[in-house]
Amino acid sequence: MRKTILLVDDDEDIAGLLRLFLEQEYEILEAHDGQAATELFSRTDVDLAVIDIMMPRLDGFQLLQWLRERSKLPVIILSAKNEDFDKIAGLGLGADDFIAKPFNPLEVVARIRAQLRRTYEFNEIPVTPEEVTETRVGDLSLHHDSCMLYKRGKPIALSALEYRLLKLFMASPGRIYTKKQIFERAWADEYIADDNAIMVQISRLRDKIEDSPREPVYLKTVRGLGYRFAKKEELHAK
């Protein structure tokens, strides 16, 4: 079944250009302001959204926040506002990718394919009877059959990406992973040296697993190298 892409941009020429490159492979919906996008989303099944920031009625950040309150679908921000602050703000609100204007339409198509692949093909992680179905480190227990995290017995819901990150770290406590290794294993894509995406996801994970995210016990930064998960003996010593 063809996936449905929602394009939200007040520049009809840009939306039309993207439609031209995408419509042979996907069902395309268009909205030219944030409010119209919410109305389309409310009555149609959407698999991925590409949204601009500067729009009338609801801007892209407001639309993204509205979407995240209702869905975990992948969202790509496509905007002329390409300062680091805007990228970090978008990723922090829950965007999965950020592409600056002007753009190469073929790059947008490639990133859409990558997001759909990560979300809908890699989301289901098969577990055979021979595989480990649970990983424990300290007070954390990661259940691989349900992709659910438990902290001191309390369930914590994870996104597919958060699950893959935790699975990577908890499988090898003490091992240092570089940002390149983290991106290529958790995102399942070629590293493009965009550290903001990794930093935002690490921050989200810390908010979920740490008692004090500003003083992490589990997920530690190794300056100049990357990140590592605490060894069990480190946790017992505290």
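Everything below is about the structure shown above.
Thresholds, definitions, all that
Residues numbered from 1 in each chain as written. Predicted model: local features only at pLDDT ≥ 70, side-chain atom pairs only at ≥ 80, totals over all residues. Heavy atoms only, no water. Pairing = 2+ DSSP bridges. Helix = DSSP H or I, 4+ residues; strand = E, 2+ residues; numbered from the N terminus. Axes fitted to C-alpha atoms, helices over the stretch in contact; angles between N-to-C directions. Contact = heavy atoms within 4.5 Å. Patch = residues over 30% accessible without salt bridge, like charges linked within 9 Å, V, L, I, M, F, W, Y side chains within 5 Å. Areas by Shrake-Rupley, 256 points an atom, 1.4 Å probe, with all protein chains shown as cover. Salt bridge = Lys/Arg side-chain N within 4 Å of Asp/Glu carboxyl O. Buried < 20%, exposed > 50% of the residue type's maximum accessible area, 1.4 Å probe, protein only. Parallel < 35°, antiparallel > 145°, perpendicular 65-115°, else oblique. Left-handed = near helix turned anticlockwise from the far one by under 90°. Expected span 1.5 Å × (residues − 1).

Structural notes on the sheet that holds strand S7 (residues 140-143)
Then comes step 1: Spatial strand order, S6-S7-S8-S9: four strands in an open sheet with antiparallel pairing. Of all strands in the sheet, those bounded by a partner on one side alone are strand S6 (134-137) and strand S9 (154-156). In this sheet, neighbouring strand axes are inclined to one another by 25 degrees on average, regardless of whether the strands run parallel or antiparallel.
Then comes step 2: When S7 meets strand S8 (residues 148-151), the two strands line up antiparallel, connected through four bridges. Within the sheet, the bridge partner assigned to Leu-140 lies in S8 and is Lys-151.
Then comes step 3: Contacts from helix H6 (residues 160-171) reach S6, S7 and S8 within the one sheet, and its direction differs from that of S7 by about 120 degrees.

Brief notes about a nonpolar patch on the surface
Then comes step 1: Together, Leu-17, Leu-20, Phe-21 and Leu-106 make up an exposed nonpolar region whose accessible area comes to about 380 Å².
Then comes step 2: Counting residues per element, the nonpolar patch draws most heavily on helix H1 (residues 12-22), which supplies three residues.
Then comes step 3: Leu-20 sits in the exposed class, given a relative accessible area of 57%.

Brief notes about the packing of helix H2 (residues 34-43) against helix H3 (residues 60-68)
Then comes step 1: H3 packs onto H2 with a crossing angle of 20 degrees between their chain directions and a minimal axis gap of 9 Å. Accordingly, the angle class assigned to the pair H2 and H3 is roughly parallel. As H2 runs across H3, the sense of the crossing is right-handed. For the pair H2 and H3, the contacting residues are Gly-34, Ala-37, Thr-38, Phe-41 and Ser-42 in the first and Leu-63, Trp-66 and Leu-67 in the second.

Here's the deal with helix H8 (residues 195-209)
Then comes step 1: The first and last C-alpha atoms of H8 sit 21 Å apart over 15 residues, in line with the 21 Å expected at 1.5 Å per residue.
Then comes step 2: Of the positions making up H8, those classed as buried are Asn-196, Ala-197, Ile-198, Val-200, Gln-201, Ile-202, Leu-205, Arg-206 and Ile-209.

What to know about the sheet that holds strand S11 (residues 219-222)
Then comes step 1: What the three strands build is an open sheet, ordered S10-S12-S11; its pairing is antiparallel. The open sheet has two free edges, formed respectively by strand S10 (176-178) and S11, since each of these has just one partner strand. Strand after strand, the sheet turns through a mean of 35 degrees between neighbouring axes, direction not considered.
Then comes step 2: The sheet strands contacting helix H7 (residues 179-187) are S10 and strand S12 (226-229), and the helix crosses S10 at an angle near 80 degrees.
Then comes step 3: In this fold H8 packs onto S11 and S12, with an angle of close to 145 degrees to the strand it touches most, S11.

Any link to function would need more than the numbers given here.
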